[in-house]
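Commentary on secondary and tertiary structure
Okay, here's what each chain looks like letter by letter:
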Amino acid sequence: MGGATVLVVEDEALLRWSVAERLREAGYTVLEAGTASAALDQARNAGPDLILLDQGLPDGRGVDLIAPLRELDPDAVLIMLTADARVETAVAAMRAGAHDYLGKPVNFEQLRLVVRKAAEAVVLKRRVRALKAGQAAPYTFDSIIGDSPAMRRVKQLLARVARSPSSTVLITGPSGTGKDLAAKVLHYCGPRADRPFMNITCSALPETLLESELFGHEKGAFTDARQGRKGLLEQAEGGTVFLDEIGEMSPALQAKLLRFLEEKTFRRVGGNTDIKSDVRIIAATNRNLPEAIAAHQFREDLYYRLNVITIDLPPLRERAGDIPLLVYHYIGHFCREFAKPPGEISAEALQLLQACAWPGNVRELRNVVERAVLLSDRHTLEPEDFQALAPQGPIEGGIRLPPGGIHFEELERDLVKQALARAGGNQTRAADLLGMNRDQIRYRIEKFGIGDRQHGSGDR
Ligand SMILES: Nc1ncnc2c1ncn2[C@@H]1O[C@H](COP(=O)(O)OP(=O)(O)OP(=O)(O)O)[C@@H](O)[C@H]1O
Ligand SMILES: [Mg+2]
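Anyway, here's the lowdown on the structure attached to this text. (Residues numbered from 1 in each chain as written. Chains lettered and ligands numbered in written order. Predicted model: local features only at pLDDT ≥ 70, side-chain atom pairs only at ≥ 80, totals over all residues.)

1. Description of the site of ligand 1
To be explicit about the condition: What makes a residue near a molecule or strand is its C-beta atom, placed from the backbone, lying within 6 Å of it. In this description a helix means any DSSP run of H or I spanning at least four residues, a strand means any run of E spanning at least two, and both kinds are numbered starting from the N terminus. All residues other than Ala, Val, Leu, Ile, Met, Phe, Trp, Tyr, Cys, Pro, Asp, Glu, Lys and Arg, Gly among them, are scored as polar; the first ten of these are nonpolar and the last four charged. Segmentation into domains, and thus their bounds, comes from an automatic or database assignment.
Taken together, 15 residues lie around ligand 1, and Ser175, Gly178, Lys179, Asp180 and Val362 are the ones closest in. When contributions to the shell around ligand 1 are tallied by element, the ones reaching two or more residues are helix H7 (179–188) and helix H15 (361–375). Taken together, the residues that form the shell around ligand 1 break down as four nonpolar, seven polar and four charged. When residues of the shell around ligand 1 are assigned to domains, at least three fall in each of domain 2 (141–312) and domain 3 (316–386).

Here it is as structure tokens:
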């Protein structure tokens, strides 16, 4: 299967060259990068279909590039290359979103096979997406579903803020409540809509890489910076930059961002001239920033600067009234997607869904409806179609205190451990399971000394 473009990211020149040559012989267009930042450049400029990613790069780990690369192009297929044969490494790579995994030394027969299969998969994915793009509605206020008083307030606020295209906006709310969606609606429903919308997840990149992604760098700013490069703030000129998970940004970068917000100018890494850029900053976080400030992890002055307009998306369980509308919407959506006749849902099933706690919020609801529509043979969805849902909500009648009492801390410690295990070590998800935020669970992990034995790579 020729024609596909493959980016080979490998710092060992000889190996990179021989892999690239083999793939060229097989009919692929091949690009090469020797560093993490060059890889991001190439990916942005050339849009490769397939990326072979070495684990150890001079300026970062391959696995840390997976998230930003996927953000640039969710259809591109990522294959990790590494000499590290441990299962944990493979698991971490897969979890981060790699599709496959090749050991070193590279077996060229195997390489060719894996690449061919991956190239076929990409072509398919791109075809499906192109088909969908023809039908998909652009982001409008109507793409935010919900008629609860809370969501009406959110939509009114969004409408007002979209019209004032210069103010900075902070979007808060737990995972899966629609922060990304709200940011896109803000951009696409305002006067900046015909300019770029660029987003970056602050927790996905090591500090130095995030800095040069955002602010750009000058030629020679670091050893392998052979050319200067514009960062997102310059690329998005006139548009919007969405900083996701801002709560994870390092203090040094927070200071640099604050300066940009105050003066509308910044410097590239290694640069000494001030550059002006007119972009709106939208930031989002599922962390409780006042708590992060108290813990000296977030700058108070930056918080007040970002906090000019805050849009807080409440957890789904606090607006259960929106659940029927969302369910109808997703039933319709997935029936169309799976080419099924329009389906319905029984009152009992709807009741069941309304009684759930939805720790994963709208994202989780969407996944649950998708699975039910896909697997059910019925025209009307019944409670049986949602069996995988753990019935929960407030524990029936509360937990009764045993006559002899309990050891509260022990119980707490045990619950935190269980939640971490169920979340595969991911602290954010474990916190959601307990109805806590990340700072609260971190505090307990430290207090009880649980952290070290969990798989450290599970967290974002
Ligand atoms: N009110 C809503 N109406 C329709 N779809 C929604 C709504 N809220 C969220 N969604 C959908 O739910 C999914 C998750 O939303 P989104 O990615 O915006 O969440 P998030 O708050 O950014 O989560 P995270 O903190 O994990 O990044 C998306 O598919 C989004 O389109
Ligand atoms: Mg998000």
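2. With respect to the pairing of strand S10 (residues 240–244)
Just so we agree on the cut-off: Partly exposed residues are those whose C-beta has more than 12 but fewer than 20 other C-beta atoms within 10 Å; with 20 or more the residue is buried, with 12 or fewer it is exposed, and the C-beta atoms are placed from the backbone. Strands were regarded as paired on the criterion that DSSP finds at least two bridges between them.
Of all five residues making up S10, five are buried, and the element is well covered by its neighbours. The side-chain alternation of S10 yields two buried faces, one formed by Thr240, Phe242 and Asp244 and the other by Val241 and Leu243. Judged from the five bridges that link them, strand S9 (residues 197–201) and S10 form a sheet pairing that is parallel. Across the sheet, residue Thr201 finds its bridge partner in S10, namely Asp244. Note that S10 and strand S13 (residues 280–285) share four bridges and pair parallel.

3. Description of unusual backbone geometry
Note: most residues except glycine have negative phi, and most peptide bonds are trans. Note that the residue after Lys104, namely Pro105, is joined by a cis bond; omega there is 0°. Along the chain, the position of Pro105 falls in the loop between strand S7 (100–103) and helix H5 (108–135). Phi at Lys264 is positive, roughly 60°, even though this residue is not glycine. Note on Lys264: 15 C-beta atoms within 10 Å, which makes it partly exposed.

4. What to know about the nonpolar core
Convention followed: Each nonpolar core reported here comprises buried Ala, Val, Leu, Ile, Met, Phe, Trp, Tyr and Cys residues connected via C-beta atoms within 7 Å. Note on contacts: residues are paired as contacts if their backbone-placed C-beta atoms lie within 7 Å.
Within the largest apolar cluster, 38 residues are counted, with the highest numbers of intra-cluster contacts made by Ile171, Ala182, Leu186, Leu233, Val241, Ile282 and Ala283. Not counting residues within four places of it along the chain, the set of residues in contact with Ala182 comprises Ile144, Leu158, Ile171, Ile311 and Leu313. Of all hydrophobic cores here, the second largest spans 37 residues; its members include Leu23, Leu40, Leu50 and Ala96.

5. What to know about the sheet that holds strand S8 (residues 169–172)
We count it as follows: Here, axes are lines fitted to C-alpha atoms. For helices the fit covers the stretch in contact, and angles between N-to-C directions go from 0 to 180 degrees.
One open sheet holds the five strands; their spatial order is S9-S10-S13-S8-S14, and the pairing between them is parallel. Among the strands making up the open sheet, the edge pair consists of S9 and strand S14 (309–312). Taken over all neighbouring pairs, the strand axes of this sheet differ in orientation by 20° on average, direction set aside. Two elements, S8 and S13, share four bridges in a ladder whose sense is parallel. Bridge assignment links Thr172 to a residue of S13, and that residue is Thr285.

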